[in-house]
Amino acid sequence: MTGLNASGELRVAIAGLGSIGTKIATALDQGVEGLTLSAVAVRDPAKHQAFINSLRRPPKILPIDQLGEVADIVVECAPSSQLRAIVEPAVRRGKSAVVVSVGGLLDNFDLVDLARTNGGRILVPTGALIGLDAVNAAAVGTIHSVKMVTRKPIDGLKGAPFIVQNKIDIDNLREPLKLFEGSAREAAKGFPANVNVAVALSLAGIGPDRTQIQVWADPTVTRNVHRIEVEADSARFSMGIENVPSENPKTGLITALSVIALLRKQRATLCVGT
Ligand SMILES: NC(=O)C1=CN([C@@H]2O[C@H](COP(=O)(O)OP(=O)(O)OC[C@H]3O[C@@H](n4cnc5c(N)ncnc54)[C@H](OP(=O)(O)O)[C@@H]3O)[C@@H](O)[C@H]2O)C=CC1
Ligand SMILES: O=C([O-])CC(=O)C(=O)O
């Protein structure tokens, strides 16, 4: 990563000031060692002006494709439909892009080659998941299978294309309903704003076609619950996480914290975990 500013800090830009983006912006504004918030891109500046003005050092508001001009790291936290528009100009300039809408990466995987060609990087945080360090490590050896079960409250699934297209009524559920079982790739198509975690898991491990996921609408849970089983030649492990939803019920609160932890690591002297 190159292009430190005059005070030697890495410049970070954020695309999308929703549930995740505002928390990252606030953390950077409050101070993360070695990093500074240089710019944001928003769809409707008027909507976000009060928040931006409330920051101690308000960043510039720029069009999405200009973020890479003023930043070393561009953090994508918008809907996945915007992923390409955010990531492409950044990696084309040799910058790093942190991608949270990781499901959207599957249909835009050429961006990885573009980044490689231009000296850029694409960084996928653990996000709302757990244990991608162990999955990365196991993948250095041989992983035989990765299975994930996701259970979400009704509000965490409403509007998902799979539910709409199949005309499934989840509003009146009284008990858990298995909506989907299949590959992480297919799950990302049906639930683009709900199972980014499965795609991140797949990219850390055995890929989106071999990673299996079940998605349940569960009126008995209040958190986004993910359970994962990994069978590898080096280890067998089970992981689980129960995410407190943020103001966006589809998004766990821990997601923004994961990105902040990833950003901290870019300049930290002591890094713990792979
Ligand atoms: N990797 C992971 O583990 C996880 C990933 N995610 C994913 O992260 C992404 C962000 O989630 P979240 O913050 O909860 O979503 P929100 O809906 O809360 O925020 C998205 C923001 O993007 C903004 N936006 C939309 N279009 C544009 C545009 N053209 N330019 C700039 N900004 C735009 C929206 O603007 P406006 O305010 O005007 O609507 C909104 O502020 C989603 O794709 C989500 O699926 C979520 C949870 C976990
Ligand atoms: O993966 C996602 O998009 C969101 C998710 O499951 C969570 O926040 O728990």
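Residues numbered from 1 in each chain as written. Chains lettered and ligands numbered in written order. Predicted model: local features only at pLDDT ≥ 70, side-chain atom pairs only at ≥ 80, totals over all residues. Heavy atoms only, no water.

Notes on a nonpolar patch on the surface
Inference 1: A surface patch of nonpolar side chains, about 210 Å² in accessible area, is lined by Phe109, Val124 and Leu203.
Inference 2: Along the polypeptide, Phe109 turns up in the loop between β5 (96-99) and α5 (110-118). (Patch = residues over 30% accessible without salt bridge, like charges linked within 9 Å, V, L, I, M, F, W, Y side chains within 5 Å. Areas by Shrake-Rupley, 256 points an atom, 1.4 Å probe, with all protein chains shown as cover. Salt bridge = Lys/Arg side-chain N within 4 Å of Asp/Glu carboxyl O. Helix = DSSP H or I, 4+ residues; strand = E, 2+ residues; numbered from the N terminus.)

Some words on the sheet that holds strand β6 (residues 121-123)
Inference 1: Across the sheet, which stays open at both edges, the six strands sit in the order β3-β2-β1-β4-β5-β6 with parallel pairing between neighbours. For this open sheet the edge positions go to β3 (60-61) and β6, each flanked by a neighbour on one side alone. (Pairing = 2+ DSSP bridges.)

Details of the site of ligand 2
Inference 1: Inspection of the region around ligand 2 gives 13 residues, with Lys152, Asn196, His226, Asn243 and Gly252 positioned closest.
Inference 2: Asn194 is positioned such that a nitrogen or oxygen atom in its backbone is 3.2 Å from an oxygen atom of ligand 2.
Inference 3: Between Val197 and ligand 2, the recorded distance is 2.9 Å, taken from a backbone N or O atom to an oxygen atom.
Inference 4: Here ligand 2 loses 95% of its free accessible area of 270 Å² to cover by the protein chains.
Inference 5: Partitioning the shell around ligand 2 into residue classes produces four nonpolar, seven polar and two charged. (Near = heavy atom within 4 Å. Polar contact = N/O pair within 3.5 Å; in protein donor to acceptor, adjacent residues only side chain to side chain. Nonpolar A, V, L, I, M, F, W, Y, C, P; charged D, E, K, R; others polar.)

Quick look at unusual backbone geometry
Inference 1: One non-glycine residue, Lys167, lies in positive phi territory at about 50°.
Inference 2: Relative to the helices and strands, Lys167 resides in the loop between α7 (161-165) and β8 (177-183).

Digging into the UniProt feature "active site" (unreviewed entry) in the chain
Inference 1: As recorded in UniProt, the feature "active site" (unreviewed entry) lies at His226.
Inference 2: Counting through the fold element by element, His226 comes out in strand β10 (residues 224-232).
Inference 3: The buried category is assigned to His226, whose relative accessible area is 2%.
Inference 4: Polar side-chain contacts of His226 include one of 2.9 Å to the side chain of Thr150. (UniProt positions renumbered as here; feature names shortened; annotations may be inferred. Buried < 20%, exposed > 50% of the residue type's maximum accessible area, 1.4 Å probe, protein only.)

So, the UniProt feature "binding site: NAD(+)" (unreviewed entry) in the chain
Inference 1: This chain's UniProt record puts "binding site: NAD(+)" (unreviewed entry) on Ala128 and Asn196. These annotated residues cover 69 residues of sequence, and their C-alpha atoms all fall within 8.4 Å of one another, placing them together at a single site.
Inference 2: Mapped onto the elements, Ala128 comes out in the loop between β6 and α6 (132-140).
Inference 3: By relative accessible area, which is 13% here, Ala128 ends up buried.
Inference 4: If near-sequence neighbours (up to four positions away) are discounted, Ala128 is found in contact with Val197, His226, Ile241, Asn243, Ile254 and Thr255. (Contact = heavy atoms within 4.5 Å.)

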